[in-house]
Each structure stands twice: as C-alpha cells, then as structure tokens.
Amino acid sequence: MAATVIDGKAFAAKVRGQVAEHVARLKEEHGITPGLAVVLVGEDPASQVYVRSKGKSTVEVGMNSFEHKLDADTPEADLLALIDQLNNDASVHGILVQLPLPKHLDEDLVINSIAPEKDVDGFHISNVGLLGTGQKSMVPCTPLGCLMMLREHHGSLSGLNAVVIGRSNIVGKPMAQLLLGDSCTVTIAHSRTKDLPDVVRRADIVVAAVGRPEMVPGDWIKEGATVIDVGINRIDAPEKGEGKTRLVGDVDYASAAERAGAITPVPGGVGPMTIACLLANTVTAACRASNLAEPEGLTA
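Each chain carries its own residue numbering, running from 1 in the written order of its sequence. Side-chain atom pairs in this predicted model are given and counted only at pLDDT of 80 or more, local residue features only at pLDDT of at least 70, and totals for whole chains, interfaces and linings cover all residues. Values reported for side chains reflect all heavy atoms of the structure, with hydrogen atoms and water molecules removed beforehand.

As annotated in an unreviewed UniProt entry, the protein carries the name Bifunctional protein FolD and comes from Leisingera aquaemixtae. UniProt positions are given in the numbering used here, feature names are shortened, and annotations may be inferred rather than shown by experiment. For the record of the protein, the UniProt heading Function (unreviewed entry) holds the text "Catalyzes the oxidation of 5,10-methylenetetrahydrofolate to 5,10-methenyltetrahydrofolate and then the hydrolysis of 5,10-methenyltetrahydrofolate to 10-formyltetrahydrofolate." Comment text from UniProt for the protein, heading Pathway (unreviewed entry), reads "One-carbon metabolism; tetrahydrofolate interconversion."

Here it is in structure tokens:
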C-alpha cells in the first residue's frame, strides 16, 4: 500500500490564501490591518533567513511587517524596553522574538515579557497554561500546522489513538494538548519510553518530533496510520559528493511510506506550515483585539 503524501507546501499555500482573504475583509469592513513585529537579536545566519522569510510572507498576505534588528550585545533591559513598546503599540497585533537569543539574554524572561494576547509563537507561560486547561489561547505554530493537516486528512479525529514522540515545550507537549482537545486518546512518548516500538505500533496517528534523524523505522508504523514528521535533520550525503548533506525527518520515510496510510515528507511537509500558521495566529490576534469573529479554520 502506497501512502498518501500530505503536501505541506500546497496546504500552506491554501492557508496563506485564507489568511489573505481575511486580511482583505478586515481592511475593507473594519479598517484594520494586522501587524506582525519580528525582533532579531544578533546575526545568526539561520535566524536571518527565517526573519526575511517571515517578513516577505507577512507583506504578501497584506499585513504590516515590522522588523527590529538589534546588535548581538544588546543589553537585556533594552530588549525588554522594545518589547514593552510593541506591547503598547495598537498597530502591532503579533510579536515574535526570534530564537535562539545570545547567551547573556534570559529567553524565558524575554518570552514572558510579551503580552500574551500578542504572543503569536504561543510560548508565553499564560498561553501554555490556557492551552493545557482547554481555554482560548495563542497556539504554537508548528503543532497548529500539524493539527490543521490532520483535520484536513481525517475530518474528525475523535477517538483516534495518537502517539506523540517528543516532549518539548515547543512541539511535543502542545501537540498532545491539541490532540486531546480534538478527543484523541494521546500518549506522549520519547527516546526513553520502554517498548517504544510497541507503543508506536498501536497508534492511528504518529507525530514524530524527537529530533533524531530517521529514528522511527517503517516496522514501527501500524498499517494505515497517519504519520506527521516534524523532524528536520541534516545528515551527510556522500552520494551527492564530498561534504554534501541532505535533509531527513525523524521517520525513515521510505520504509514508513510502505505501511502508512498517509505521511508528510521532509522537506515539504510540516515545515512550510509553520510560517503559514504564524500568519494565521497574527490574524487571530487582530480579530481578538477588536472583539471580532475569529477566522474559521485558522485556529485550534
């Protein structure tokens, strides 16, 4: 049985289209233009690429993009002062501080200084608590993207047995909460789980977010299960030439695709959904700020 490939690029394009439509309505009917502020501290090359991509995507859907680039040695007080300024700026509906931060800055302190209603990354402790207790919150972008793809493929997730491999605060834990919210039976597993292969084999849905290249082989996958591979790992690719690398997920794609009913590829699966969901969260934040109806299909 050949698995259905869940095309993250195509689905992300669809989400961005929905965001653009909602932004246009907000402008026309309410005179509101959602605004996303991204703060970059230092010159980490990967972070610079992400920030440019986020800014470009924000403008493409009709939103305002505000970029703040600070030197790597910026004092913590100056960064906190900027965040306070953005918290109080009515034209800014979403705030994202690009991680990782330079070592002299306290990431937890910085994240928790963002107004929870503008925390479009969903990392603020208040949003973590709200999500964990089933209340309205800002939801981390990657798990939200995974949930959207699962809903699109399955329709209802109610009663399905889901295993999340990975217990990070950014993906694993919020992913489990979202699946619980859609009435799945959820197990959080990790690299130290006893009999991990047997645990995974019972799952109708497998979300792999453990950060180990190709850790999950195909024979762990239940026939017909849906596999969402969050992992992005760069490994050596000597077949491409000396010093060359390639991207792989946390799942061995070739063998898993022979057993799964549906699977996300790496690259081109979950990755494109992260920025799309960042844009969706910004629109949601703008709607909530003005007590307007939230966009359908773009929230948890």
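After that view, the rundown keeps rolling.
How should the overall build of the protein be read in this particular structure?
Secondary structure elements follow DSSP: runs of H or I of four or more residues count as helices, runs of E of two or more count as strands, with numbering from the N terminus. Along its length, the protein carries 10 helices and 11 strands. Considering only C-alpha atoms, the protein reaches an extent of 50 × 45 × 35 Å along its principal axes. Excluding contacts between residues fewer than 6 apart, the proportion of contacts in the protein whose partners are at least 24 apart in sequence is 67%. With an accessible surface of roughly 13,900 Å², the protein has 49% of that area assigned to carbon and sulfur atoms. When charges are tallied, Lys and Arg are placed among the positive residues and Asp and Glu among the negative ones, while His and the ends of the chain are skipped. Charged side chains are reduced to one point each, which is NZ for Lys, CZ for Arg, CG for Asp and CD for Glu. For the protein, the separation between the mean place of its 27 positive charges and that of its 37 negative charges on side chains is 4 Å. Residue contacts are counted whenever heavy atoms from the two residues lie within 4.5 Å of one another. All accessible areas in this document rest on Shrake-Rupley with a 1.4 Å probe, and a residue is counted as covered only by the protein chains that are shown.

Before we go on, may I ask you to explain the pattern of salt bridges in this structure?
Close approach of charged atoms allows side chains of opposite charge to pair. Salt bridge criterion: a side-chain nitrogen from Lys or Arg within 4 Å of a carboxyl oxygen from Asp or Glu. Per the stated rule, a full pass over the model turns up 10 salt bridges. For the salt bridge of E60 with K56, the shortest nitrogen-to-oxygen distance reads 2.8 Å. Residue E60 and its partner K56 are located together in helix α2 (residues 45-60), separated by 4 residues, close to a single helical turn. Three labels apply to residues, based on accessible area from a 1.4 Å probe with only protein chains included: buried if under 20% of the type maximum, exposed if over 50%, partly exposed otherwise in between. Since its relative accessible area comes to 53%, E60 is described here as exposed. Exposure remark for K56: the relative accessible area of 55% places this residue in the exposed category. D182 serves as the salt-bridge partner of R151, at 2.8 Å between the closest nitrogen and oxygen. Residue R151 is found in helix α6 (residues 141-154), and its partner D182 is found in the loop between α7 (172-181) and β6 (185-189); the two are separated by 31 residues along the sequence. The class for R151 is partly exposed, based on a relative accessible area of 25%. With a relative accessible area of 18%, D182 lands in the buried category.

What am I meant to see in a positive patch on the surface here?
Residues enter a patch when their relative accessible area is above 30% and they make no salt bridge; the linking distance is 9 Å between like charges and 5 Å between nonpolar side chains (Val, Leu, Ile, Met, Phe, Trp, Tyr). A surface patch of like charges, here positive, comprises R167, K173, R192 and R212. Residue placement: K173 occurs in helix α7.

It is not clear to me how the side chain of T282 should be interpreted in this structure. Could you clarify?
Turning to its location among the elements, T282 is positioned in helix α10 (residues 271-289). Judged by its relative accessible area of 0%, T282 falls in the buried class. In this structure T282 touches P34, G35, L36, M63, H93, G94 and V120, once residues within four positions along its chain are discounted.

Explain the UniProt feature "domain: Tetrahydrofolate dehydrogenase/cyclohydrolase NAD(P)-binding" (unreviewed entry) in the protein here, please?
Sites flagged by UniProt as "domain: Tetrahydrofolate dehydrogenase/cyclohydrolase NAD(P)-binding" (unreviewed entry) map to residues 140-288. Across residues 140-288 one finds 36% helix and 19% strand; the C-alpha atoms that close the span lie 17 Å apart.

Is there a simple way to explain the domain arrangement of the protein in this structure?
In many analyses, interface size is given as the accessible surface area lost on bringing the parts together. Those domain boundaries reflect an automatic or database domain assignment. Along its sequence, the protein is organised into domain 1 (31-120) and domain 2 (141-271). Once you take the C-alpha centre of each, domain 1 and domain 2 turn out to be 29 Å apart.

For this particular structure, what's the right way to read the sheet that holds β6?
Pairing between the strands of a sheet comes from backbone hydrogen bonds, and it takes one of two forms, parallel or antiparallel. Pairing within the open sheet is parallel, and its 6 strands lie in the order β1-β11-β8-β7-β5-β6. Strands with a single pairing partner mark the edges of an open sheet, and in this sheet they are β1 (4-5) and β6. Here, any two strands with at least 2 DSSP bridges between them count as paired. Pairing of strand β7 (residues 205-208) with strand β8 (residues 226-229), which is carried by 4 bridges, proceeds in the parallel orientation. Bridge pairing in β8 places V206 opposite V227.

Whenever I open this one, α7 confuses me. Can you help?
Along an α-helix, residues three or four apart share an orientation, since each turn contains 3.6 residues. Along α7, the residues that are buried comprise G172, P174, M175, A176, L178 and L179. For α7, the secondary structure elements touched by its buried residues are α5 (125-132), α6, β5 (161-165), β6 and β7. Note on α7: the residue one or two positions beyond its end, S183, has a positive phi of about 70°.

Explain the pairing of β6 here, please?
Within a regular beta strand, the side chains point alternately toward one face of the sheet and then the other, so they alternate between its two faces. One ladder, built from 5 bridges, connects β5 with β6; its direction is parallel. Pairing of I165 across the sheet is with A189, part of β6. For the handedness criterion, the strands are oriented away from the viewer, and a crossover whose path from the first strand over the helix to the second runs clockwise is classed as right-handed. Between β5 and its parallel partner β6, the chain crosses via α7, and the hand of that crossover is right-handed.

Just checking my understanding: could you explain the layout of surface pockets for this structure?
Empty space among the atoms becomes visible once a probe the size of a water molecule is rolled across them. Cavities and pockets are found on a 1 Å grid laid over the protein atoms alone: a cavity is a set of points where a 1.4 Å probe fits but cannot escape, a pocket is an open set with protein on both sides within 12 Å along at least five of seven lines, and a lining residue has an atom within 4 Å of such a point. Grid points are joined across faces, edges and corners, and a volume is the space filled by probe spheres set on the points. Approximately 1,200 Å³ is the volume found for the largest pocket. Y50, T142, I232, G271 and T274 are the residues nearest the centre of the largest pocket, which is lined by 43 residues in total. Going through the elements one at a time, α2, β4 (94-97), α6 and α10 are the ones with two or more residues in the lining of the largest pocket. For the lining of the largest pocket, the element with the most residues is α2, which contributes 6 residues.

Can you help me understand the sheet that holds β4 in this one?
Ordered in space as β3-β2-β4, the 3 strands form an open sheet in which the pairing is parallel. Each of the sheet's edge strands pairs with one partner strand only, and the pair in question is β3 (64-70) and β4. Neighbouring strand axes in the sheet, compared pairwise and without regard to direction, differ in orientation by 15° on average. Sheet strands in contact with α2 are β2 (35-41), β3 and β4, and its direction is about 160° off that of β3. Every angle, taken between N-to-C directions, lies between 0 and 180 degrees, and every axis is a line fitted to C-alpha atoms, over only the stretch in contact when it is a helix. Packed on one face of the sheet, helix α3 (residues 76-87) meets β2, β3 and β4 and runs near 180° to β2.

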